[in-house]
Amino acid sequence: MVSPPERIGSFEVVRRVGAGGMGEIFLGTHPEGDFVAIKRLLRQASKDPVFVGMFLDEGRLARRLDHPHIARLYEIGESPEGHYLAMEWVDGGSVHELLAKSPGLGPVPVGVAARIAADVAEALAYAHALRGDDGAPLELVHRDVSPANVLVSFKGHAKLLDFGLARARTQLQKTEPGMVKGKFGYLAPEQLGGRMDARTDLFALGLVLWELLTGRRYFDQATAAETVAAARSHVGCSPVRALRPDVPEALSALVQQVTAADASARPASAEAFRSALEAAVPLAPR
């Protein structure tokens, strides 16, 4: 195994924590002593202008984001091995990791699941309302809300991360017609047709909440093609209470509403969804 670099930009590398098809993640330390997550493009990806464009778009967008429930950006730069982003390190784990442990620990408490969803909804409300330097709405859609992209700290704070697939009016790297971005298991029906708005992110968040409450993935088909087909034919999630009777009826109904196939049937905004969550069930304290 190749040893991690000693430094990336102005950050000292502690260890490599993960990798994907396009990049790798390191735990590093900020010159002031804080831990940071360093996301660096792989060398081969750094030679592809499409990947570099997407990566730089993520960095430009992250610079605008300043919210307690969004992982903040420290630095965007280029090292000899490739472009990198240094982000806030969240001392905890992802919702994906939380769900992986839940069979042994028991179901996620209803108030905790609702609190995580409310925090992410608050982050989305902020992001959806962002305006550009010209004062016009950025029309930002995250497009990749999923358990892997929601971190929960040991103190109970949820943070949304990875705006790498976000669509915004000002982005330089445009999505090609017919290309669908996002994880197949969390795509809204309209997203598969190339149409989306803020309610598309709410659909994905609703699926994350359904999964937190039930311990199951809603779209859990064997192949990507079968998952896409299921999303295309989606008519609405089955009631959470059918699988978990201790979930209040109001919360179960809200999850069905936010995962409706018709975007117009969902809550009108992330803020409306957050308010509805607070009305449906007592949220776990932060």
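See the structure above.
Residues numbered from 1 in each chain as written. Predicted model: local features only at pLDDT ≥ 70, side-chain atom pairs only at ≥ 80, totals over all residues. Heavy atoms only, no water.

Topic: the environment of Val-110
Turning to step 1, where the next piece is worked out: By secondary structure assignment, the location of Val-110 is in helix α3 (residues 110-128).
Turning to step 2, where the next piece is worked out: For Val-110 and Ser-146, which are 36 residues apart along the polypeptide, the C-alpha to C-alpha distance reads 19 Å.
Turning to step 3, where the next piece is worked out: Beyond its immediate sequence surroundings of up to four residues, Val-110 is in contact with Leu-213, Arg-244, Asp-246, Val-247, Pro-248, Leu-251 and Val-281. (Helix = DSSP H or I, 4+ residues; strand = E, 2+ residues; numbered from the N terminus. Contact = heavy atoms within 4.5 Å.)

A look at the sheet that holds strand β2 (residues 11-19)
Turning to step 1, where the next piece is worked out: Strand order in the open sheet made by the 6 strands is β1-β2-β3-β4-β6-β5, with antiparallel pairing throughout. Of all the strands in the sheet, just β1 (7-8) and β5 (73-79) have a single pairing partner and so form its edges.
Turning to step 2, where the next piece is worked out: Relative to strand β6 (residues 82-88), strand β4 (residues 35-41) runs antiparallel, the two sharing 5 bridges. Within β6, the position partnered with Ala-37 by the bridge is Met-87.
Turning to step 3, where the next piece is worked out: The sheet strands contacting helix α1 (residues 49-64) are β4, β5 and β6, and the helix crosses β6 at an angle near 30°. (Pairing = 2+ DSSP bridges. Axes fitted to C-alpha atoms, helices over the stretch in contact; angles between N-to-C directions.)

Some remarks on the packing of aromatic side chains
Turning to step 1, where the next piece is worked out: Summed over the entire model, instances satisfying the criterion amount to 2 aromatic pairs.
Turning to step 2, where the next piece is worked out: Geometrically, the ring pair formed by Trp-210 and Tyr-218 is edge-to-face, given 5.0 Å between the ring centres and 85° between the ring planes.
Turning to step 3, where the next piece is worked out: The exposure class assigned to Tyr-218 is partly exposed, which follows from its relative accessible area of 26%.
Turning to step 4, where the next piece is worked out: Aromatic side chains Tyr-218 and Phe-219 sit 5.2 Å apart centroid to centroid with 85° between the ring planes, which places their arrangement in the edge-to-face category.
Turning to step 5, where the next piece is worked out: Clustering of aromatic rings is evident, with ring pairs tying together Trp-210, Tyr-218 and Phe-219. (Phe/Tyr/Trp six-rings, centres within 6.5 Å; stacked < 30°, edge-to-face > 60°. Buried < 20%, exposed > 50% of the residue type's maximum accessible area, 1.4 Å probe, protein only.)

Geometric descriptors of this kind do not, in isolation, establish any biological role.
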